[in-house]
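Residue-level structure breakdown
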Amino acid sequence: ASAAPAADTPADRGAAIYAAACAVCHDGSRQPPFGGVSLRLSTAINASNPQNAINTILFGLPAASGRQSAIMPDFGATLSDEQLTDLLAYLREEFAGRPLWPDAADRVAATRSGDYHVSVRPADGIERGPDNIGAQDR
Ligand code: HEC
């Protein structure tokens, strides 16, 4: 039997991830605090490197204490490094219309391992997240 037609580019695979995990909030029809902006407007997706996008997707945006704020779940436990890299390819192509970030895979790995330290802060500026999610042995 022949294999089912496969999504064969990173962006194709990323499109399926976006549809399943991100579109519910980022398709523009949901209001804050759970509704995210259209990623066409995202500085992270239009930036010269993918670090802010990686940080946001891996660690999410925690709630601020005592007042309403934007909230995004973290996807560090959900997405593999390869899936996140595919997703970044899709986001870049679809929402920025710019060349893919050549260093996306390296930055994903360095961020998840904790080599690249990320502080996770909600809008009130107080760090609450773990220093990193460096659960991987290297
Ligand atoms: C529960 C709703 C929700 C889900 C699911 C969600 N997000 Fe978000 N996201 C938000 C909110 C709220 C913000 C903060 C407000 C904003 O900038 O849109 C945000 C911010 C972002 C930003 C930063 C935008 C910027 O430049 O300011 C990126 C990038 C992003 N999300 C990507 C994703 C991706 C990729 C997924 C799927 C893996 C995802 N989000 C899933 C709600 C969500």
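Above this text is the structure in question.
An account of the accompanying structure is given in this report. Being a predicted model, the structure only gives us computed values, none of them experimental.

Here's the deal with the nonpolar core
It is characteristic of soluble globular proteins that their nonpolar side chains tend to be buried jointly. Y18, I45, I57, L84, L87, L88 and L91 are the most contacted members of the largest nonpolar core, which has 29 residues in total. At eight residues, helix α5 (residues 81-96) tops the list of elements feeding residues into this core. Aside from chain neighbours lying at most four places away, what touches L84 is I54, I57, L58, L79 and V108.

Here's the deal with the layout of surface pockets
Volume-wise, the second largest pocket comes out at about 160 Å³. Lining the second largest pocket we find ten residues, and of these N55, T56, L61, V118 and S119 sit closest to its centre. Looking at side-chain class alone, the lining of the second largest pocket contains four nonpolar, five polar and one charged residues.

Description of the side chain of T111
Summarising the element assignment, T111 is placed in helix α6 (residues 104-113). Among the polar contacts made by the side chain of T111, one reaches the main-chain carbonyl oxygen of R107 at a distance of 2.6 Å. Once residues lying within four places of it in the same chain are set aside, the contact partners of T111 are Q51, I54, N55, L58, F59, Y116 and V118.

Things to note about the environment of S42
For S42, the location among the structural elements is in the loop between α2 (23-26) and α3 (43-46). For the pair S42 and A53, spaced eleven residues apart in sequence, the C-alpha separation works out to 9.2 Å. At 3.1 Å, the side chain of S42 and the backbone nitrogen of I45 are in polar contact.

Re the coordination of the iron atom of the ligand
Listed as protein donors to the iron atom of the ligand are H26 (NE2) and M72 (SD); their distances from the metal cover 2.0 to 2.1 Å. What the six donor atoms of the iron atom of the ligand show is an angle range of 87 to 179° at the metal, which sorts the shape as octahedral. Of the two residues, H26 sits in helix α2 while M72 sits in the loop between α4 (51-59) and α5, which places them 46 residues apart along the sequence. Comparing H26 with M72, the two get one shared label, buried.

Some words on the packing of aromatic side chains
Applying the stated criterion to the full structure yields three aromatic pairs. Seen from their ring centres, Y90 and F95 are 5.9 Å apart, and the 85° between their planes marks the pair as edge-to-face. In this structure Y90 comes out as buried when scored by relative accessible area, which is 13%. Looking at F95, the relative accessible area reads 11%, which means it is buried. Of the aromatic side chains, those joined through ring pairs into one cluster are Y18, Y90 and F95.

Quick look at the environment of A89
For A89, the position within the fold is in helix α5. You can call A89 buried: its relative accessible area is 7%. When the C-alpha atoms of A89 and A11 are compared, they prove to be 5.0 Å apart, with 78 residues separating the residues in sequence. With residues up to four places along the chain from it excluded, the contact list for A89 reads P10, A11 and L100.

What counts, and at which threshold
Residues numbered from 1 in each chain as written. Predicted model: local features only at pLDDT ≥ 70, side-chain atom pairs only at ≥ 80, totals over all residues. Heavy atoms only, no water. Core = buried A, V, L, I, M, F, W, Y, C linked by side-chain atoms within 4.5 Å. Buried < 20%, exposed > 50% of the residue type's maximum accessible area, 1.4 Å probe, protein only. Helix = DSSP H or I, 4+ residues; strand = E, 2+ residues; numbered from the N terminus. Contact = heavy atoms within 4.5 Å. 1 Å grid on protein atoms, 1.4 Å probe; cavity = no way out; pocket = protein on both sides within 12 Å on 5 of 7 lines; lining within 4 Å. Points joined across faces, edges and corners; volume = space filled by probe spheres on them. Nonpolar A, V, L, I, M, F, W, Y, C, P; charged D, E, K, R; others polar. Polar contact = N/O pair within 3.5 Å; in protein donor to acceptor, adjacent residues only side chain to side chain. Donors = N, O, S within 2.8 Å, 3.2 Å for Na, K, Ca; no water. Tetrahedral: all angles 85-135°; square planar, octahedral: opposite > 155°, others 65-115°. Phe/Tyr/Trp six-rings, centres within 6.5 Å; stacked < 30°, edge-to-face > 60°.

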